[in-house]
Amino acid sequence: MLERISQIVDEAKAAVGAATTSAELEELRIKWLGRKAELPNILRGVKDLDPSERGPAGKAANQARVELEGAIDTKMASFAGAELELRLVEDAVDITLPAHPQQFPGGLHLLTQTMREIEDVFLGLGYGIAEGPEVELVAYNFDALNHAPHHPARSPSDTFYVGDSVLLRTHTSPVQVRTMLVTPPPLYVIAPGRVYRRDDDATHTPQFHQIEGLAVDEGISLADLKGTLLAFAKAIFGDEREIRLRPHFFPFTEPSVEVDVSCFACNEGVSNGERCGLCKGTAWIEILGAGMVDPNVFASVAGEQPAYDPEKVQGFAFGLGIERIAMLKHSVPDLRLLYDNDIRFLEQFA
Amino acid sequence: MKVPLSLLLEFCDPGLSAEEISSVLALSGTEVERVTRLGVEDSSNFVVGVVLTADQHPDADRLKVCSVDVGAPEPATIVCGAPNVDAGQTVAVALPGAVMPGGMTIKKAKLRGVESSGMICAEDELGLGKGHQGILVLPNTAGPAGRPLGEVLPLDETVLELEITPNRPDCLGVYGVARELHAATGAELKPAPWERDLGSGGDLDGIQVSVEDSDQCPIFTARIYEGLSAAVTPPAIAAHLTAAGMRPISPVVDITNYVMLVIGEPLHAFDLDKIEGGLTVRPAVAGETVATLDGEDRTLIEGETIIADVGGPTSIAGVMGGARSEVGWETTRVLLEAATWHGPSINRTSARLGLRSEASGRFEKGLAPVLASRGQAFASQLFEQIYGVTPVAGTVAIGAVGEATTVKLSHHKVNSLMGSQLTAERISAPLERLGFTVALDGDEFSVGVPLDRLDVTRDVDVIEEIARIDGLEKLEATIPTSGAGGGRLTRDQRIRRQVQDALVSAGCFEAAGWSFCAPGLSDRLRLAADDPRRNAITLVNPMSSEESILRTTLLGSLLDSAARNAARGASAIRLFETGPVYLPSEDGLSDEPQRFGAVLCGPATQPDWRNASPDDVDVHGAIGVIGGVLDSLHCQWKIVPATEPEPFLHPGRSGVIEIAGRPAGWVGDLHPLVSAEWGLDGGVAFEVDLDAVISASPEVLHYWAVSAHPMVGQDLAVVVDAGVSAAELIEIAEEVGSPELESVVVFDIYRGEQLGENAVSVGLRFVFRADDRTLTEEEASAVRQRILDALQDRKGAQSRG
Ligand SMILES: [Zn+2]
């Protein structure tokens with residue numbers, strides 16, 4: 001009996017050693033250790049043996065089974081690693097194929113991106129964001145902003161009217177007026193939004209977007225305006241930018257200035273040996289209008305909000321066109337592209 | 001305004017180039033739009049010629065053979081192709097050797113067999129402008145023949161085109177610009193041209209003038225010049241006028257234009273012998289007519305200011321003179337008017353008549369009355385220079401020049417407003433150079449304002465003068481020190497950004513739409529006659545009827561943009577917009593609720609290598625986009641069938657978006673007729689009220705305990721009548737499944753013959769879980785049974801097992 005067991009072990013181990021696939025091993029496991037195999041039969045028959053033989057035979061048969069199972073498992077493990085490798089190679093896919101399902105691209109409009117970028121600069125400088133109606137009273141759009149009764153901007157050839165005293169706002173300045181009426185100084189606020197003027201040509205659309213800013217506080221000065229706009233210009237157009245102020249005229253500010261930013265496409269007006277097309281060779285690009293709030297503007301709100309006594313408060317205001325900033329910064333050649341909503345345009349800035 | 005540089009330098013020459021002068025002017029507040037060089041490199045060989053004969057070329061229909069006196073012993077034969085050349089004309093001739101602006105040298109040459117010794121020039125050929133209608137015909141006074149052309153035309157000139165801001169009409173004359181240049185550079189300013197007056201005050205015999213409305217005519221002055229005989233405009237004056245864009249016409253007219261060019265005051269000359277009786281400045285009566293200098297008959301409207309004599313209107317005040325009293329070569333007696341007018345009225349009249357002139361452009365700015373007497377004084381010098389006559393004694397002067405004003409200015413305020421530390425000297429120097437007087441008393445300056453600076457009335461106006469002349473580049477760049485601390489978005493603004501971002505995440509591009517739309521949009525959207533969205537705000541003066549109302553829905557411009565993209569071959573179109581719509585409100589203004597909306601067309605997912613032809617996006621795809629937005633903001637929402645479907649949506653494939661239990665928008669497949677109207681293939685759309693989202697989105701999210709115990713998943717398929725909505729089943733399940741039911745979703749919808757025509761099988765997948773213990777399968781099955789019973793009771797649902 002013991003001989004037979006050791007014989008089985010030898011034969012089985014030889015077969016296991018010769019096996020080349022895990023499937024073969026599985027067959028061997030059934031052949032040598034399965035229900036109908038000899039070794040399990042011996043084990044089952046141990047109880048029928050003579051008591052003196054039971055101990056050694058049972059022990060030997062059990063040892064043999066353990067030994068065989070171990071041999072098969074070891075061999076099986078060695079196959080599993082190799083076969084997994086093989087299977088992984090067979091499972092390879094073309095990793096360069098696009099994702100599935102492929103996400104639709106999406107993006108904010110360039111105007112919104114530019115607006116947010118500018119808003120964030122002024123949020124960082126401590127400004128709030130104020131909004132107001134687009135269908136506005138003449139009183140807020142012109143009267144309170146020191147436009148003379150016959151100011152040409154009031155003319156129906158320049159401004160859209162809804163009624164005698166109601167118009168589509170021509171700037172977001174009326175939001176500043178409305179804000180002052182309900183908020184005493186110190187006031188630091190920007191007013192972004194849609195505005196309307198009766199212009200329709202290569203460089204004007206009847207609807208466009210503005211951000212205007214207002215700071216009213218003790219001792220606010222023209223130098224503060226300069227520093228604030230310098231910080232803005234650097235944030236939007238790059239840290240190397242400088243600005244310059246040119247005197248100008250606006251009804252609601254005095255003194256008034258136009259502000260140029262140093263050109264970011266050239267060196268002193270020259271780009272690749274040619275006159276720079278962006279700044280027309282001047283090295284400066286006009287980006288906005290600004291100035292110190294005209295005392296008449298404060299006077300127009302001081303009746304309801306006496307803290308804006310024109311004798312006591314000072315402030316600056318500025319206004320810029322979002323379209324212009326976006327076009328300059330992103331080299332968009334034609335204003336119409338911003339309102340055409342061609343997906344091929346939109347996805348360039350997504 | 002066009003300023004000939006050589007004329008500017010006559011009054012102030014800082015020794016700078018044209019470019020440097022432009023820069024100085026720009027940085028002190030006078031914008032230079034353009035610097036143009038006129039004329040030719042070398043003006044030798046350009047002469048004045050007189051055409052003696054102009055005959056048809058024997059071999060060329062379009063050419064003429066001219067004999068031209070060029071000051072040489074023999075006339076030159078010149079072949080000319082211009083249609084307007086004629087005998088007797090005084091013309092500009094380029095003789096052989098002349099170098100044209102393009103670099104071509106004129107040579108003797110045979111033209112169709114006739115030798116031509118030079119060229120008769122057109123305006124553009126001399127670098128003087130764009131005119132090429134024919135040759136440039138000079139006034140006969142430009143001669144004599146042979147005179148160097150550079151003496152009568154600006155052949156070597158630089159022109160600065162200035163943009164004068166509306167508050168500075170004092171700079172609408174070259175001398176005013178010279179004063180700016182002087183103030184900015186310190187270079188010497190020559191005495192003002194009006195300082196010498198050859199006329200006298202007192203009563204003027206020979207004309208009666210009355211002014212009925214002094215508001216319309218703050219000042220009216222007139223002088224008389226008699227004994228005028230043939231005379232010639234000095235060539236330098238003619239050249240300067242030409243360079244400034246005004247053609248020399250006759251000495252009298254040239255005098256008026258030259259005074260306007262130099263000091264900014266337009267003058268008008270009447271032939272005194274053609275005035276019947278006296279002159280009255282008065283409002284026109286509606287329907288009165290006047291034949292103006294341009295040969296047109298103009299009909300006036302009530303209240304427009306005219307100058308009339310007994311024969312009726314002779315001139316439209318400040319806008320254009322009348323033909324009846326026009327000066328001509330035969331004129332010997334001139335009445336010279338120098339007045340100022342109410343700017344806005346001039347603006348209205350000139351705009352109405354389409355008569356925009358150098359004069360009206362100045363008057364509409366509201367000129368200072370002092371300019372009238374200055375104009376008369378300078379003109380008197382020119383009459384003497386050209387005609388050798390001085391004015392008849394006396395001057396008509398109706399109206400007042402006005403008092404010189406003084407502005408008090410605190411030293412502290414200057415530095416406080418500018419953010420500077422200017423000394424008293426640095427404050428007064430720029431003012432004095434600009435012609436202000438300055439006296440200092442303690443901390444306070446008394447600043448005397450020049451009579452032509454009507455724009456300066458307050459301390460801040462004076463501070464502007466100091467700031468711009470002292471130099472804004474010298475200002476420090478500081479940031480306000482206190483800071484307001486309000487630097488954050490409001491909740492509304494933050495949520496609006498989140499909505500936009502969520503729509504982007506859902507694969508949509510933001511479009512920039514128009515607030516304007518066409519009234520016809522309502523019909524194209526099939527809105528009912530009583531649909532409130534037809535009630536739009538209407539513009540009084542739209543750009544066009546297509547842009548005459550304000551939008552009451554975002555859908556119109558989204559569809560327009562989608563249609564453009566579709567026409568250009570785009571297959572997947574997913575556009576959204578956030579922004580207001582404009583709804584008329586009772587106070588005459590508008591309610592401007594913010595909305596977000598989208599139009600989606602094309603495949604529901606990107607076609608790819610697994611699925612090259614995905615289904616087109618449908619209403620459920622749109623709901624997915626909306627759900628992504630609303631879920632990201634933790635809003636309670638659901639879609640419910642509409643009792644009255646939107647007319648622009650598929651009635652069976654659309655619904656109402658309810659947020660926090662209230663209707664807040666619509667979603668659906670586009671109605672096939674609407675898709676077709678915009679040339680779209682199918683498509684879905686939605687529009688949602690942003691305020692509903694803002695109020696439904698919780699301000700703060702609070703933690704709720706998650707169960708540590710395992711879930712039990714079970715499915716249930718029920719057959720219900722097709723009219724029962726999935727939402728109804730889910731609502732019942734949620735109600736009776738509580739508290740063990742954690743979630744329920746629809747995982748299958750099936751319709752088939754064996755169910756019967758009007759039935760649908762709905763597969764529900766439940767997740768059951770208990771907070772405090774491990775739920776057993778048996779407990780879960782009991783809850784499932786509870787749900788099934790309720791569905792059977794209330795909706796007649798039958799279990800499919
Ligand atoms: Zn540049």
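Residues numbered from 1 in each chain as written. Chains lettered and ligands numbered in written order. Predicted model: local features only at pLDDT ≥ 70, side-chain atom pairs only at ≥ 80, totals over all residues. Heavy atoms only, no water.

Draft legend 1. Structural detail: the coordination of the zinc ion. All names here are of chain A. Distances from the zinc ion to its protein donors, namely C263 (SG), C266 (SG), C276 (SG) and C279 (SG), fall within the range 2.2 to 2.3 Å. What the 4 donor atoms of the zinc ion show is an angle range of 104 to 115° at the metal, which sorts the shape as tetrahedral. Sequence spacing among the residues donating to the zinc ion works out to C-x2-C-x9-C-x2-C. Of this pair, C266 sits in the loop between β7 (253-262) and β8 (270-271) while C276 sits in the loop between β9 (274-275) and β10 (284-293), and the two are 10 residues apart along the sequence. The burial state of C266 is the same as that of C276; both residues are buried. (Donors = N, O, S within 2.8 Å, 3.2 Å for Na, K, Ca; no water. Tetrahedral: all angles 85-135°; square planar, octahedral: opposite > 155°, others 65-115°. Helix = DSSP H or I, 4+ residues; strand = E, 2+ residues; numbered from the N terminus. Buried < 20%, exposed > 50% of the residue type's maximum accessible area, 1.4 Å probe, protein only.)

Draft legend 2. Expanded view of the environment of B:T53. Residue and element names in this part refer to chain B. Tracing the sequence through the fold places T53 in strand β3 (residues 46-56). Along the primary structure T53 and G15 are separated by 38 residues, whereas in three dimensions their C-alpha atoms are 47 Å apart. Here T53 is in contact with V65, C66, S67 and A87, once residues within four sequence places are set aside. (Contact = heavy atoms within 4.5 Å.)

Draft legend 3. Structural view of the UniProt feature "domain: FDX-ACB" (unreviewed entry) in chain B. As annotated in UniProt, the feature "domain: FDX-ACB" (unreviewed entry) corresponds to residues 707-800 of chain B in the numbering used here. For the annotated span residues 707-800 of chain B, helix accounts for 33% and strand for 34% of the residues, and the straight-line distance between the end C-alpha atoms is 31 Å. (UniProt positions renumbered as here; feature names shortened; annotations may be inferred.)

Draft legend 4. Structural detail: the nonpolar core. Ranked by size, the top nonpolar core spans 106 residues in total, and within it A:I118, A:F232, A:L288, A:F318, B:I466, B:L525 and B:L559 carry the most contacts. Tallying contributions element by element places helix α8 (residues 222-237) of chain A first for this core, with 8 residues. B:A178, B:A187, B:A377 and B:F378 belong to the second largest nonpolar core, which has 88 residues in total. (Core = buried A, V, L, I, M, F, W, Y, C linked by side-chain atoms within 4.5 Å.)

Draft legend 5. Summary view of the pairing of strand β39 (residues 759-768) of chain B. Residues and elements named next belong to chain B. Counting buried residues in β39 gives 9 out of 10 residues, a clear majority hidden from the surface. With 10 bridges joining them, strand β37 (residues 712-721) and β39 adopt antiparallel strand pairing. Looking at the pairing, L716 lines up with L764 of β39. As defined by bridge partners, strand β38 (residues 741-750) adjoins β39 across 8 bridges and the pair is classed as antiparallel. (Pairing = 2+ DSSP bridges.)

Draft legend 6. The interface of chain B and chain A, seen in detail. Listed by partner, the interface residues are 92 residues for chain B and 90 residues for chain A. Buried area between chain B and chain A, both sides added, is near 7,400 Å², and the carbon and sulfur share of it is 57%. Linking chain B with chain A are 48 residue pairs in polar contact (both at pLDDT 80 or more). Every element with two or more residues in the side of chain B that touches chain A is listed here: α2 (18-28), α6 (343-353), α9 (411-418), α11 (459-470), α12 (491-505), β26 (509-510), α14 (555-567) and β29 (573-580) of chain B. By residue number, the principal contributor to the side of chain B that touches chain A is α12(B), which donates 7 residues. In terms of residue class, the side of chain B that touches chain A is built from 40 nonpolar, 27 polar and 25 charged. (Buried area = accessible area lost by both parts, 1.4 Å probe. Polar contact = N/O pair within 3.5 Å; in protein donor to acceptor, adjacent residues only side chain to side chain. Nonpolar A, V, L, I, M, F, W, Y, C, P; charged D, E, K, R; others polar.)

Draft legend 7. How the structure looks around a negative patch on the surface. All names here are of chain B. Negative charge collects at one region of the surface, where D615, D616, D618 and D681 lie side by side. Relative to the assigned elements, D615 resides in the loop between β32 (594-601) and α15 (619-632). In this structure D615 comes out as exposed when scored by relative accessible area, which is 64%. (Patch = residues over 30% accessible without salt bridge, like charges linked within 9 Å, V, L, I, M, F, W, Y side chains within 5 Å. Areas by Shrake-Rupley, 256 points an atom, 1.4 Å probe, with all protein chains shown as cover. Salt bridge = Lys/Arg side-chain N within 4 Å of Asp/Glu carboxyl O. Lys, Arg positive; Asp, Glu negative; His and termini not counted. Charge placed at Lys NZ, Arg CZ, Asp CG, Glu CD.)

Draft legend 8. Spotlight on the packing of helix α3 (residues 38-45) of chain A against helix α4 (residues 51-90) of chain A. Residues and elements named next belong to chain A. The N-to-C vectors of α3 and α4 enclose an angle of 150°; their axes lie 9 Å apart at closest approach. As the angle between them shows, α3 and α4 are arranged roughly antiparallel. Remark: the crossing between α3 and α4 carries left-handed chirality. For the pair α3 and α4, the contacting residues are L39, I42 and L43 in the first and G58, A61, N62, A64, R65 and L68 in the second. Residues of the contact of α3 with α4, tallied by class, amount to 6 nonpolar, 2 polar and 1 charged. (Axes fitted to C-alpha atoms, helices over the stretch in contact; angles between N-to-C directions. Parallel < 35°, antiparallel > 145°, perpendicular 65-115°, else oblique. Left-handed = near helix turned anticlockwise from the far one by under 90°.)

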